[in-house]
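Given next are the chains, with one letter for each unit.
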Amino acid sequence: MSKSLQAIRGMNDILPEQTPVWRYFEGTVSRLLDNYGYKQIRMPIVEFTELFKRSIGEVTDIVEKEMYTFDDRNGDSLTLRPEGTAACVRAVLEHGITGGGQVQKLWYIGPMFRHERPQKGRYRQFHQIGLEVFNLDGPDIDAELIVLTWRLWGELGIRDAVKLELNSLGTSESRARYREALVEYLSAHHDKLDEDSQRRLKTNPLRVLDTKNADTQAVLVDAPKMADYLDDESRAHFEGLKARLDAVGIPYVLNPKLVRGLDYYSKTVFEWVTDKLGAQGTVCAGGRYDGLVEQMGGKPTPGVGFAMGIERLVLLLETLEQIPDEISRQVDVYLCAFGEEAELAGLALAERVRDQLPNLRLQVNAGAGSFKSQFKKADKSGALYALILGDDEMAQQVVGFKPLRGQGEQQSIAWDALAAHLATCVVQG
Ligand code: HAM
């Protein structure tokens, strides 16, 4: 196939054999979010470029080098969203739904776009499920966000494989004081810093903290610590969060170098990381952004949220083999009919069964075929049972009921009794 007719590097098709796991994951998360009282919001995939520059920050990796930006036919500069928070803030402001202190607990799902170097767990189109909460400024809601992810990991059977890293960046005032101290210290060691950190020292000094360069890391050992610069308010907030995590029994690791790659954070920041996926081990990340709404032209409105990477969590479920068997089975019962008369009767019978068992996954053979070929298709579909309608069954107004997976003989069931019989042997999702 010519290259121009292939998918773009880092942008993947999710094939039918993979979608059951995606739907299992997405279904589990959305049910959980319903139960915790979060409401779904859907934003466009494209926004004005300015939105992301203003919110994520001009000197972040995302804005400097990863955005898919283009001029549309009106000459407006637009960008495929690299994340969801900016658009969510724009939407709540535009529709006035956080005005007057209204609390909003929102979630979204969808594709995001970043021009990063593709590798396992890192793609150019990837998918996030994100949460954003507005107008709650206490540590209780920060804790709720973490508690609900902890429950999610439990339900998915991956708790043992993830670890919570936690930090506080403080209020903007305390961060400004820290930034000053850090710049002073790092400037005194300027020559020992790697080139990228020298540049960041001027543009975004806090990002020097998460450098991968060993020489710069050595310089950082004696650098001023963020924790020493937290003001009372930030400190109390952080203590409040930790107390709540302790109360629920959620383990965490304090990571003073956790600064995040987006500029809008204040106070709480956190990441759930795993060592089971190689280099791209962060499966869920977020924090508080109390200044962002105001920075984007709204009234001061506290905000906190996170986003998880669906590809990475699906990979983790697969790696840990935590995919329930029934997830991959998409057919419960497969109906085979032989001859035109049986086909017509089978179609009508299937509709009657569907009326009575709306959750049954019943597939009717299409494309006719010999006994052998229809059985082959029934087996390949993964169905638990085959229903058979041939000349003999038609004459007696019964259907042959044949277990395809376990033990058990074929039996005949009267048409009228079929739905009731299926209800007893198929657990319906
Ligand atoms: P983020 O850390 O940039 O935060 O992304 C959140 C998650 O999305 C990551 O932890 C990772 O699981 C996934 N992710 C990011 N980039 C990629 C990629 N190239 N390929 C695959 N997965 C990826 C945000 O986006 C913030 N908006 C989170 C947030 C919401 N903070 C507050 N509210």
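Remember, predicted model here, so these are calculated numbers, not experimental data.

Trainee: Give a description of the overall build of the protein that names residues and reports values.
Mentor: On a plain count of helices and strands, the protein comes out with 16 helices and 16 strands. The C-alpha radius of gyration of the protein comes to 28 Å, more than 25% above the 22 Å expected for a compact globule of 429 residues. Dimensions along the principal axes, computed over C-alpha positions, put the protein at roughly 95 × 55 × 45 Å. Looking at the protein residue by residue over its 429 residues, the buried ones come to 52%. In the protein, of all internal contacts separated by at least 6 residues, the share reaching a separation of at least 24 is 70%. For the protein, the accessible area works out to roughly 21300 Å², and carbon and sulfur atoms hold 49% of it.

Trainee: Please set out unusual backbone geometry residue by residue, giving values where relevant.
Mentor: Even without being a glycine, lysine 267 presents a positive backbone phi close to 50 degrees. In this structure, lysine 267 sits in strand β9 (residues 266–273). We note that glutamine 397 has phi near 55 degrees; this positive angle belongs to a residue other than glycine. For glutamine 397, the position within the fold is in the loop between α15 (391–396) and β15 (398–403).

Trainee: Break down the sheet that holds strand β3 (residues 68–71) for me, citing the residues and quoting the values.
Mentor: Backbone hydrogen bonds hold the strands of a sheet together, and the pairing may be parallel or antiparallel. Spatial strand order, β2-β4-β3: three strands in an open sheet with antiparallel pairing. Every other strand in the sheet has two partners, leaving β2 (46–48) and β3 as the edge strands with one partner each. Across the sheet, the mean angle from the axis of one strand to that of its neighbour is 35 degrees, orientation sign disregarded. As paired elements, β3 and strand β4 (residues 77–80) share four bridges and run antiparallel to each other. Looking at β4, one finds that aspartate 71 is bridged to serine 77. Sheet contacts for helix α2 (residues 49–56): β2, β3 and β4; angle to β2, the most-contacted strand, approximately 75 degrees.

Trainee: An account of a nonpolar patch on the surface is requested, with residue identities and associated values reported.
Mentor: A surface patch of nonpolar side chains, about 210 Å² in accessible area, is lined by Ile45, Val46 and Phe70. The residue valine 46 is located in strand β2 in this model. The exposure class of valine 46 is partly exposed, given its relative accessible area of 31%.

Trainee: Break down the site of the ligand for me, with residues and values.
Mentor: Inspection of the region around the ligand gives 26 residues, with Glu83, Thr85, Glu116, Glu132 and Tyr265 positioned closest. At a separation of 2.8 Å, a nitrogen atom of the ligand approaches a polar side-chain atom of glutamate 132. Measuring from an oxygen atom of the ligand, one finds a backbone N or O atom of valine 283 at 3.4 Å. Considered on its own, the ligand offers 660 Å² of accessible surface; in the complex 96% of this is hidden by protein. Only β6 (125–134), β10 (282–288) and β11 (303–309) provide two or more residues apiece to the shell around the ligand. Residues that form the shell around the ligand fall into these classes: eleven nonpolar, eight polar and seven charged.

Trainee: Which residues make up the side chain of threonine 216, and what values go with them?
Mentor: Mapped onto the fold, threonine 216 is located in helix α8 (residues 214–220). Those residues in contact with threonine 216 that lie beyond four places of it in its chain are Lys192, Leu193, Asp194, Ser197, Val208 and Thr211.

Trainee: Describe the packing of α2 against helix α4 (residues 85–94), with residues and values.
Mentor: For the pair α2 and α4, interaxial distance at closest approach is 9 Å and the crossing angle is 105 degrees. Comparing the axis directions of α2 and α4 gives the class roughly perpendicular. Taking contact as the criterion, the partners of Leu51, Phe52 and Ser55 in α2 are, on α4, Ala86, Ala87 and Arg90. Residues belonging to the contact of α2 with α4 are distributed by class as follows: four nonpolar, one polar and one charged.

Trainee: How would you summarise helix α16 (residues 418–425) if you had to cite specific residues and measurements?
Mentor: What α16 keeps buried is the set Leu418, Ala419 and Leu422. The buried side chains of α16 occupy one side of the element, clustering within an arc of 95 degrees when seen end-on. Pointing more than 90 degrees away from the buried face of α16 are the exposed residues Ala420 and Thr424. The secondary structure elements touched by the buried residues of α16 are β12 (333–337), α13 (340–356), β14 (385–389), β15 and β16 (411–414).

Analysis parameters
Throughout this document, residue positions are counted from 1 along each chain, in the order its sequence is written. The predicted origin of the model limits local features to residues at a pLDDT of at least 70 and limits the giving and counting of side-chain atom pairs to 80 or more, whereas totals for whole chains, interfaces and linings rest on all residues. Derived side-chain values reflect all non-hydrogen atoms in the structure, with water molecules and hydrogen atoms excluded from consideration. Only runs of H or I of at least four residues qualify as helices and only runs of E of at least two qualify as strands under DSSP, and these elements are numbered from the N terminus. To get the radius of gyration, use the C-alpha atoms; to get the globule rule, take the number of residues to the power 0.38 and multiply by 2.2 Å. Relative accessibility decides the category of a residue: with a 1.4 Å probe and only protein chains considered, values under 20% of the type maximum give buried, values over 50% give exposed, and everything between is partly exposed. Contacts: residue pairs with any heavy atoms within 4.5 Å of one another. Method for areas: the Shrake-Rupley scheme with a 1.4 Å probe, in which residue coverage is limited to the protein chains shown. Should DSSP find at least two bridges between two strands, the strands are taken to pair. Only the stretch in contact is used when a helix axis is fitted, and all axes are lines through C-alpha atoms; the angle between N-to-C directions ranges over 0 to 180 degrees. The patch calculation keeps residues exceeding 30% relative accessible area without a salt bridge and links them within 9 Å when they carry like charges or within 5 Å when they are nonpolar (Val, Leu, Ile, Met, Phe, Trp, Tyr). Salt bridges are identified by distance alone: a Lys or Arg side-chain nitrogen within 4 Å of an Asp or Glu carboxyl oxygen. One heavy atom suffices: a residue is near a molecule or strand as soon as one of its heavy atoms comes within 4 Å of it. Whenever two N or O atoms come within 3.5 Å, that pair is a polar contact, provided that in protein one can donate a hydrogen and the other can accept it, and provided that, for residues adjacent in sequence, both atoms are side-chain atoms. Here the nonpolar group is Ala, Val, Leu, Ile, Met, Phe, Trp, Tyr, Cys and Pro; Asp, Glu, Lys and Arg are the charged ones; every other residue, Gly included, is treated as polar. Each angle is binned into one of four classes, with values under 35 degrees roughly parallel, values over 145 roughly antiparallel, values of 65 to 115 roughly perpendicular, and all other values oblique. What the arc describes is the spread of directions from the helix axis to the C-beta atoms.

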